[in-house]
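Structure at a glance
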Amino acid sequence: TGCSTTSQVNYPIPPIAKHDPLPESEALSQRSEISNLADQISVSKVDEANFVYFMLGSSAVAPSEKAKLELAAARLKEDRGLYIKLVGNANHNGSRSLNLAVADSRVETVATVLKSLGVNSRQIKKIVVGGERTPITCRSEECQRKMRRVELSISKAKY
C-alpha cells in the first residue's frame, strides 16, 4: 500500500461581518444607562425600615432616623430573648481604613442610642464592614447615600 492523496474540498470562508462602532456619544450614553440601571438595582435592594442612614462622614443619628431605633428598642425591651445585630456600612469614597473607622463609629452610636433607650447591652452584637459591601456600580448620590448606614437585624438567635 502506498500513500494516496485525496483532494480536499475547499469551502469558501464567509466574510466576517463588520459592525460600525458606535459613535462615542452613543457609547457613553449606553454606559451611563447601564451604570444608572445598576445603581437602581443596588438601591432597590435596601429595606428602608431596617436601616439607619447617616450623612457623609458623620456618625450622628438624625432625628428622622431615631424613630427606627425607638421601635427596635421597644421590641427588644418587650422580649429580652431577642437580639439585635448592628452592621455598620460606609460608601466606598474613602480609604478602607477610613471607611471602617466611620462605619465603626456609626455602629457605636446606634448601640449607645439603643442602650439609652433601655436595651440591655448583651442583646446587641456589633459588626463593621465599612465600604466592602458597596457595589462597584454604586455611583449615584442616592446609591452612595443608601450605603452610609447601619443595618438592624432582630432575631431570637444570639449572633
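What comes next concerns the included structure. (Residues numbered from 1 in each chain as written. Predicted model: local features only at pLDDT ≥ 70, side-chain atom pairs only at ≥ 80, totals over all residues. Heavy atoms only, no water.)

1. A word on a positive patch on the surface
- Where like charges cluster on the molecular surface, the positive patch consists of Lys77, Arg80, Arg122 and Lys158.
- Here Lys77 shows up in helix α2 (residues 63–78). (Patch = residues over 30% accessible without salt bridge, like charges linked within 9 Å, V, L, I, M, F, W, Y side chains within 5 Å. Areas by Shrake-Rupley, 256 points an atom, 1.4 Å probe, with all protein chains shown as cover. Salt bridge = Lys/Arg side-chain N within 4 Å of Asp/Glu carboxyl O. Lys, Arg positive; Asp, Glu negative; His and termini not counted. Charge placed at Lys NZ, Arg CZ, Asp CG, Glu CD. Helix = DSSP H or I, 4+ residues; strand = E, 2+ residues; numbered from the N terminus.)

2. Here's the deal with the packing of aromatic side chains
- A complete count under the given rule lists one aromatic pair for this structure.
- Consider the rings of Phe51 and Tyr53, whose centres lie 6.3 Å apart with planes at 80 degrees: the pair is edge-to-face. As far as the burial class goes, Phe51 and Tyr53 line up, both buried.
- A cation over a ring is seen here: Arg145 above Tyr53, with NZ or CZ 5.0 Å from the ring centre.
- Arg149 extends its terminal NZ or CZ atom over the ring of Phe51, reaching a point 4.6 Å from the ring centre. (Phe/Tyr/Trp six-rings, centres within 6.5 Å; stacked < 30°, edge-to-face > 60°. Buried < 20%, exposed > 50% of the residue type's maximum accessible area, 1.4 Å probe, protein only. Lys NZ or Arg CZ within 6 Å of the ring centre and 35° of its normal.)

3. Observations concerning the state of the cysteines
- Taken as a whole, this structure holds one disulfide when the rule is applied.
- At a sulfur-sulfur separation of 2.0 Å, the disulfide partner of Cys138 is Cys143. Torsion about the S-S bond of the Cys138 and Cys143 cystine: about -130 degrees, corresponding to left-handed handedness.
- Residue class for Cys143 comes out buried when judged on its relative accessible area of 0%. (Disulfide = S-S within 2.5 Å.)

4. What about the sheet that holds strand β1 (residues 51–53)?
- Read from one edge to the other, the open sheet built from four strands follows the order β1-β4-β2-β3, with strand pairing classed as mixed. Of all the strands in the sheet, the pair left with one neighbour each is β1 and β3 (124–130). For this sheet, the mean angle separating the axes of adjacent strands, direction not counted, is 20 degrees.
- Here three bridges tie β1 to strand β4 (residues 149–155), and the two strands are oriented antiparallel to one another. Counterpart to Tyr53 in the pairing with β4 is Arg149.
- Lying over the sheet, α2 contacts β1, β2 (83–89) and β4, oriented at roughly 150 degrees with respect to β1. (Pairing = 2+ DSSP bridges. Axes fitted to C-alpha atoms, helices over the stretch in contact; angles between N-to-C directions. Contact = heavy atoms within 4.5 Å.)

5. What about the pattern of salt bridges?
- Taken as a whole and judged by the stated rule, the model has eight salt bridges.
- Between Glu142 and Arg145 there is a salt bridge, with its nearest N and O atoms 3.2 Å apart. Taken together, the residues Glu142 and Arg145, both in helix α4 (residues 141–147) and three residues apart, mark about one turn of the helix.
- Take Arg145: its relative accessible area is 28%, and that puts it in the partly exposed class.
- Of the charged contacts, one joins Glu151 and Arg149 as a salt bridge, the two residues approaching to 3.3 Å between their closest N and O atoms.
- Of the residues examined, Arg149 reaches a relative accessible area of 8% and is grouped as buried.

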